Amino acid sequence: MTTSLAFYGPLIHSLGPDKVEIVDEALVVVQDGKISTLRKDVPRDQVESVFSSLNLNSDVKLRYLSRGEFLIPGFVDTHNHAPQWAMRGLGRGLHILEWLDQVTFPNEAKFKDPDYARRIYSDCVDGFIQQGITTVSYYGSLHGEATKILAEICLAKGQRAFVGKCNMDRNAPDYYRDMDTEESLRVTEDCIAHIRSIDPKADLVTPILTPRFAICCNNDLLTGLGEIASRNPDLPIQTHFNEAEQEINSTLGLFPEFTNEADLYEHFGLLSRKSILAHCTHMTDYEMTKLRELDCGVAHCPIANTTVGGGFMAAPIREFLRRGIKVGLGTDSGGGFSSSILDAMRQAFIVSNAKELMTKGKDPSLSLEECFYMATLGGARVCCLDEQVGNFEVGKQFDALVVSTVKQKRSLVNTMTEDGDSLRMTFEKFLMSGDDRNITEVYARGRLIGSQA
């Protein structure tokens, strides 16, 4: 539970979209949950003297990472549907709107039962922590009580989370939609007040406005949510944006006064630097320019984009990065087959290879450095948390994973390393072949929140 820690050993983190810093001999000191010292290239025979010279309290014990262990920042998941935890993998072959009607809505409706919500959400948060996800932007169900429960579980387990009551007052079955616009807004404000009451400084849990997408929200509801956003400029906002052609056509059919989703959401006051837009697979030049001007963030969900029906949707991530648009990774949950950011990174790489082919080389595939960036510092930028987390800069909170690739100590570890492997080689092998079994410890704000010890 302590937030005063010190580590000596290998450290890897992102400094920018295409720059990963790999330090073989790093000394990291954490006090009050924040990184107070980062010394690089400290020879092992000088560690004790350097550590002593810091004049730290006696309760800060120096830990030497073992051979095959290294530190990386905690992963950031910018888009996940917590109520879909138990339905992951269902509905292959269905297009997005049919998938919602036949699979998703019936499952999410179960969260009307607080006991069910508590059981599934507890398992969900534990599962994400096990995957090394220290920060996540969660969609809740439309139920206020269940959304409060999700926030309380995140706070109790120590995971940093945005938690939002899902707004949807039309184009959903009678058994699963808000009774009316007024109820949707009332429950939303009640959830915001509750989350602020349990974590007044938003140290870990933050409320987030969550219109599912415009298809499920009438004009009055979108207007009301925009008014809440205007009164609360600190509130983040999340929604689905240009997810699939079927979704885009349905949206613009409901709002014929708009020719694109960017103008639609901006009109209702729901696009800002605090907005997290999930998917963004079919984008016009105008929309990308608008997102950059408003400093919106994109949650890239390559697993969901290529497994939910609607075609092989390859979002223009290279173009987003080229334009300076904030991009992070999302696991999405029910829309995909994995809750692992490592899997999302790999799928992002695969999809980018396809995009390079589709654009005849105009959009080169993503590098290892870029995928790791989106999983950490890029995701923190999307969540407007990059001054707090995302890498190991002094002053940031210590959100970190201890990764182990030593097969002799952990017989189930799948990452195959050899004695002559450099740290760079070990890192690449972990990113491309590792899984949660390699993640032995998970820290958020300096607190150990997950361990396989």
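As a reminder, the structure under discussion sits directly above these lines.
Figured I'd write up the structure that's included with this text. Here, residues in each chain are numbered from 1, in the same order as that chain's written sequence. Where totals are concerned, whole chains, interfaces and linings use all residues; where local detail is concerned, this predicted model gives features only for residues with pLDDT of at least 70, and gives and counts side-chain atom pairs only at 80 or more. With hydrogens and water stripped out, all remaining heavy atoms of the structure feed into the side-chain values.

1. What to know about the overall build of the protein chain
Keep this limit in mind: Only DSSP runs of H or I reaching four residues or more are called helices, and only runs of E reaching two or more are called strands; each is numbered from the N terminus. Our radius of gyration looks at C-alpha atoms and nothing else; its globule reference is 2.2 Å times the residue count to the power 0.38. Per-residue accessibility, obtained with a 1.4 Å probe over protein chains only, is compared with the maximum for each type, and a residue is labelled buried under 20%, exposed over 50%, and partly exposed between these values. Two residues form a contact once any of their heavy atoms are found within 4.5 Å. For every accessible area listed, the method is Shrake-Rupley and the probe measures 1.4 Å; residues are considered covered only by the protein chains on display. Positive charges are assigned to Lys and Arg, negative charges to Asp and Glu, while His and the chain termini are left out of the count. Positions of charges follow a simple convention, taking NZ of Lys, CZ of Arg, CG of Asp or CD of Glu.
Counting secondary structure elements, the protein chain contains 15 helices and 18 strands. The C-alpha radius of gyration of the protein chain comes to 22 Å, within 12% of the 22 Å expected for a compact globule of 453 residues. Once the C-alpha set of the protein chain is aligned to its principal axes, its extents read approximately 70 × 55 × 40 Å. Out of the 453 residues belonging to the protein chain, those deemed buried represent 62%. A separation of at least 24 residues holds for 73% of the contacts in the protein chain among residues at least 6 apart in sequence. Accessible area for the protein chain stands at about 17,200 Å²; split by element, carbon and sulfur atoms hold 49% of it. For the protein chain, the centre of its 47 positive side-chain charges and the centre of its 62 negative side-chain charges are spaced 4 Å apart.

2. So, unusual backbone geometry
Unusually for a residue other than glycine, asparagine 171 sits at a positive phi of about 50°. Mapped onto the fold, asparagine 171 is located in the loop between β9 (166-167) and α5 (181-198). On the basis of relative accessibility, which here comes to 43%, the residue asparagine 171 falls in the partly exposed class. At asparagine 242, a position not held by glycine, the phi torsion is positive, near 45°. Relative to the helices and strands, asparagine 242 resides in the loop between β12 (237-241) and α7 (245-254).

3. Some words on the packing of aromatic side chains
In plain terms, the rule: Centres within 6.5 Å are what make two rings of Phe, Tyr or Trp a pair, Trp counting through its six-membered ring; a difference in plane orientation under 30 degrees is then read as stacked, over 60 as edge-to-face, and the rest as tilted.
Scanning all chains against the criterion turns up 15 aromatic pairs. Between tryptophan 85 and phenylalanine 128 the ring centres are 5.5 Å apart and the planes differ by 45°, which places this aromatic pair in the tilted class. Here the residue tryptophan 85 occupies a position in the loop between β6 (75-81) and α2 (96-108), and phenylalanine 128 occupies one in helix α3 (residues 114-130), the gap between them amounting to 43 residues. Among the aromatic residues, those joined into a cluster by ring pairs are Phe7, Phe392, Phe398 and Tyr443.

4. Observations concerning helix α12 (residues 341-358)
To keep things clear, this is the line we draw: Here a helix's expected span is defined as the number of its residues, less one, multiplied by 1.5 Å. Any pair of N or O atoms that falls within 3.5 Å is considered a polar contact. Within protein, one atom must be able to donate a hydrogen and the other to accept it, and sequence-neighbouring residues count only if both atoms are side-chain atoms.
Compared with the 26 Å implied by 1.5 Å per residue over 18 residues, the 25 Å span of α12 between its first and last C-alpha is a close match. For α12, the complete set of buried residues consists of Ile341, Leu342, Ala344, Met345, Arg346, Gln347, Ala348, Val351, Ser352 and Lys355. Sitting at the amino-terminal end of α12 is serine 340, which places a side-chain oxygen 3.1 Å from the backbone nitrogen of leucine 342.

5. Some thoughts on the packing of α12 against helix α13 (residues 368-375)
Put simply, the test is: The angle between two axes is taken between their N-to-C directions and runs from 0 to 180 degrees, where each axis is a line fitted to C-alpha atoms and a helix contributes only its stretch in contact. In this scheme, roughly parallel covers angles under 35 degrees and roughly antiparallel covers those over 145, while 65 to 115 is roughly perpendicular and the rest are oblique. Crossing handedness follows the turn of the near helix against the far one: under a right angle anticlockwise gives a left-handed crossing, and clockwise gives a right-handed one. For this classification, the nonpolar set comprises Ala, Val, Leu, Ile, Met, Phe, Trp, Tyr, Cys and Pro, the charged set comprises Asp, Glu, Lys and Arg, and every other residue, Gly included, is treated as polar.
In contact at an axis separation of 10 Å, α12 and α13 are set at 140° when each is read in the N-to-C sense. For the element pair α12 / α13, the angle class is oblique. In the packing of α12 onto α13, the handedness of the crossing is right-handed. Counting all contacts with α12, which are made through Ile341, Met345, Ala348 and Phe349, the residues of α13 involved are Cys371, Phe372, Met374 and Ala375. Here the residues of the contact of α12 with α13 are counted per class, giving eight nonpolar, no polar and no charged.

6. Points about the sheet that holds strand β8 (residues 160-164)
Basically, it comes down to this: Strands are labelled as partners when DSSP assigns at least two bridges between them.
Taken in spatial order, the four strands make up an open sheet running β6-β7-β8-β10, and their pairing is parallel. Looking at strand neighbours, the two that pair on one side only are β6 and β10 (205-207), the edges of this open sheet. With strand direction ignored, the average angle separating the axes of adjacent strands in the sheet is 15°.

7. A word on the pattern of salt bridges
Selection rule: Salt bridge, as used here: a side-chain nitrogen of Lys or Arg that lies within 4 Å of a carboxyl oxygen of Asp or Glu.
All told, the structure shown has 27 salt bridges when counted by the stated rule. Across the salt bridge formed by aspartate 295 and lysine 326, the nearest N and O atoms sit 3.9 Å from each other. Residue aspartate 295 is located in the loop between α9 (285-294) and β14 (297-300), and its partner lysine 326 is located in strand β15 (residues 326-329); the two are separated by 31 residues in the primary sequence. Owing to a relative accessible area of 25%, aspartate 295 belongs among the partly exposed residues under this scheme. Judged by its relative accessible area of 4%, lysine 326 is buried. One salt bridge connects aspartate 363 with lysine 362, and the closest N-O pair in it is separated by 3.8 Å.

8. Remarks on the nonpolar core
Quick note on the threshold: For the purposes of this section, nonpolar cores are sets of buried Ala, Val, Leu, Ile, Met, Phe, Trp, Tyr and Cys residues that join through side-chain atoms within 4.5 Å.
Grouped together as the largest cluster of nonpolar side chains are 107 residues, with contacts concentrated most on Ile72 and Tyr138. Take this core: its biggest share by element is eight residues, from α3. The residues touching isoleucine 72, leaving out its near neighbours within four places in the chain, are Ile12, Phe372, Phe392, Asp399, Ala400, Leu401, Val403, Phe427 and Phe430.

9. Considering the sheet that holds strand β13 (residues 275-279)
In spatial order, the strands read β12-β13-β14-β15; together these four strands make up an open sheet with parallel pairing. Strands at the two margins of the open sheet, each flanked by one partner only, are β12 and β15. In this sheet, adjacent strand axes meet at a mean angle of 30° when their direction is disregarded.

10. With respect to the pairing of β6
In terms of residue burial, β6 counts as a mostly covered element, since seven of its seven residues are buried. Relative to strand β7 (residues 133-139), β6 is paired through five bridges, and the arrangement is parallel. Residue pairing in the sheet places aspartate 77 in a bridge with valine 136 of β7.

11. Digging into the packing of helix α4 (residues 144-157) against α5
Where α4 meets α5, the axes come as close as 10 Å, and the angle between the chain directions of the two elements is 20°. Comparing their axes, α5 and α4 come out roughly parallel. Of the two elements, α4 crosses α5, and the hand of that crossing is right-handed. The segment α4 lies against α5, with Gly144, Thr147, Lys148, Ala151, Glu152 and Leu155 engaging Val187, Asp190, Cys191, His194, Ile195 and Ile198. Classifying every residue of the contact of α4 with α5 by side-chain character gives six nonpolar, three polar and three charged.

Interpretation note: all reported values are geometric properties and have no functional meaning in isolation.
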